[in-house]
Amino acid sequence: MDETTFHLWQRAAKAWVRPGMKLSMPKERGPSISVITGISERIGMVYFNVFAGSNNSDHFLSFLEHLKLHRDGRSTVVLDNLKIHKAKKLEAVYDEDFRELYLPPYSSPLNPIERLWAVIKQKWSKQLHQFTERIYSRQQQDRITEEAVGAIRSMIGRWRSYFKKKKQTSGP
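Parameters and conventions
- Residue positions are counted from 1 within each chain, in the order its sequence is given.
- Thresholds applied to this predicted model are a pLDDT of at least 70 for local features of residues and 80 or more for the giving and counting of side-chain atom pairs; totals over whole chains, interfaces and linings are not thresholded and use all residues.
- Only hydrogens and water are set aside; all other atoms, that is, all heavy atoms of the structure, feed into the side-chain values.
- Only DSSP runs of H or I covering at least 4 residues are called helices, and only runs of E covering at least 2 are called strands; the numbering of each starts at the N terminus.
- Per-residue accessibility, obtained with a 1.4 Å probe over protein chains only, is compared with the maximum for each type, and a residue is labelled buried under 20%, exposed over 50%, and partly exposed between these values.
- Contacts are assigned to residue pairs with any non-hydrogen atoms lying within 4.5 Å of each other.
- Residue-level accessible areas treat just the shown protein chains as cover; the underlying method is Shrake-Rupley with a 1.4 Å probe.
- The patches reported here contain residues having more than 30% relative accessible area and no salt bridge. Joining distances are 9 Å for like charges and 5 Å for nonpolar side chains (Val, Leu, Ile, Met, Phe, Trp, Tyr).
- A side-chain nitrogen of Lys or Arg and a carboxyl oxygen of Asp or Glu constitute a salt bridge if their distance falls within 4 Å.
- Two strands are counted as paired when DSSP detects at least two bridges linking them.
- Aromatic rings from Phe, Tyr and Trp, taking only the six-membered ring of Trp, are treated as a pair when their centres fall within 6.5 Å; an angle between ring planes under 30 degrees marks them as stacked, one over 60 as edge-to-face, and anything in between as tilted.
- Definition used: whenever NZ (Lys) or CZ (Arg) falls within 6 Å of the ring centre and also within 35 degrees of the ring normal, the charge is taken to sit over that ring.

Some words on the overall build of the protein chain
(1) Moving on: A count of helical and extended segments in the protein chain gives three helices and five strands.
(2) Moving on: Burial analysis of the protein chain (172 residues in total) assigns 35% to the buried set.
(3) Moving on: Expressed as a percentage of contacts within the protein chain between residues at least 6 apart in sequence, the contacts between residues at least 24 apart total 62%.
(4) Moving on: Of the roughly 11500 Å² that the protein chain leaves accessible, carbon and sulfur atoms contribute 53%.

So this is what it looks like as structure tokens:
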């Protein structure tokens, strides 16, 4: 399980500009979109949640509660050492059949979902300009943020269906 954040205010790493063209970049931070995703070795992507704003212990608690309700048997939730993963309010969610296991510090390469984030963020950086060009107007910010949430949901949803196909076609 892991989370990541997509920013509508990110700057493109590269840009093509014609001579005489003016390139405008955001001067202040804009909205962020957070994603929490759980994957399973047995069945691939289990559940994901995409929402506007920053992740916090309340969002994470809600995610864990959903995961616990829809799990298939005993489960171990593997987590990195993000502060919200260790919030006191989460202790009530865990029990003998739904346990937490923390990765060692600075060991994100051990988390297979990091590869998914790398691919999705690369795709996101190619789509980002569609949203940042329009977000300079504060009146449009909420609508554009919702469009961006939908775009990210769609990208992750395509990966979810990939995991399901992979599961169905793989042998014993």
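Considering a nonpolar patch on the surface
(1) Moving on: A cluster of nonpolar side chains, namely Val17, Met21 and Leu23, defines an oily patch on the protein surface of about 280 Å² accessible area.
(2) Moving on: Here methionine 21 shows up in the loop between β1 (2–7) and β2 (32–40).

Description of the pairing of β2
(1) Moving on: Summarising burial for β2: seven of the nine residues are buried, a large majority.
(2) Moving on: Sheet topology places β1 next to β2; six bridges connect them, and they run antiparallel. Paired with phenylalanine 6 across the strands is isoleucine 33, a residue of β2.

Let's talk about the packing of aromatic side chains
(1) Moving on: All chains considered together, the criterion is met by two aromatic pairs.
(2) Moving on: Plain terms: the ring middles of tyrosine 47 and phenylalanine 63 are 5.0 Å apart, the flat faces sit at 25° to each other, and that makes the pair stacked. Residue tyrosine 47 is located in strand β3 (residues 44–52), and its partner phenylalanine 63 is located in helix α1 (residues 57–69); the two are separated by 16 residues in the primary sequence.
(3) Moving on: Judged by its relative accessible area of 1%, phenylalanine 63 falls in the buried class.
(4) Moving on: Between tyrosine 94 and phenylalanine 98, the aromatic rings sit 5.9 Å apart at their centres with planes inclined by 15°, giving stacked as the arrangement.
(5) Moving on: In this structure tyrosine 94 comes out as buried when scored by relative accessible area, which is 12%.
(6) Moving on: Residue phenylalanine 98 is classed as buried on the basis of its relative accessible area of 1%.
(7) Moving on: The side chain of lysine 86 reaches across the aromatic face of tyrosine 102, ending 4.8 Å from its centre.

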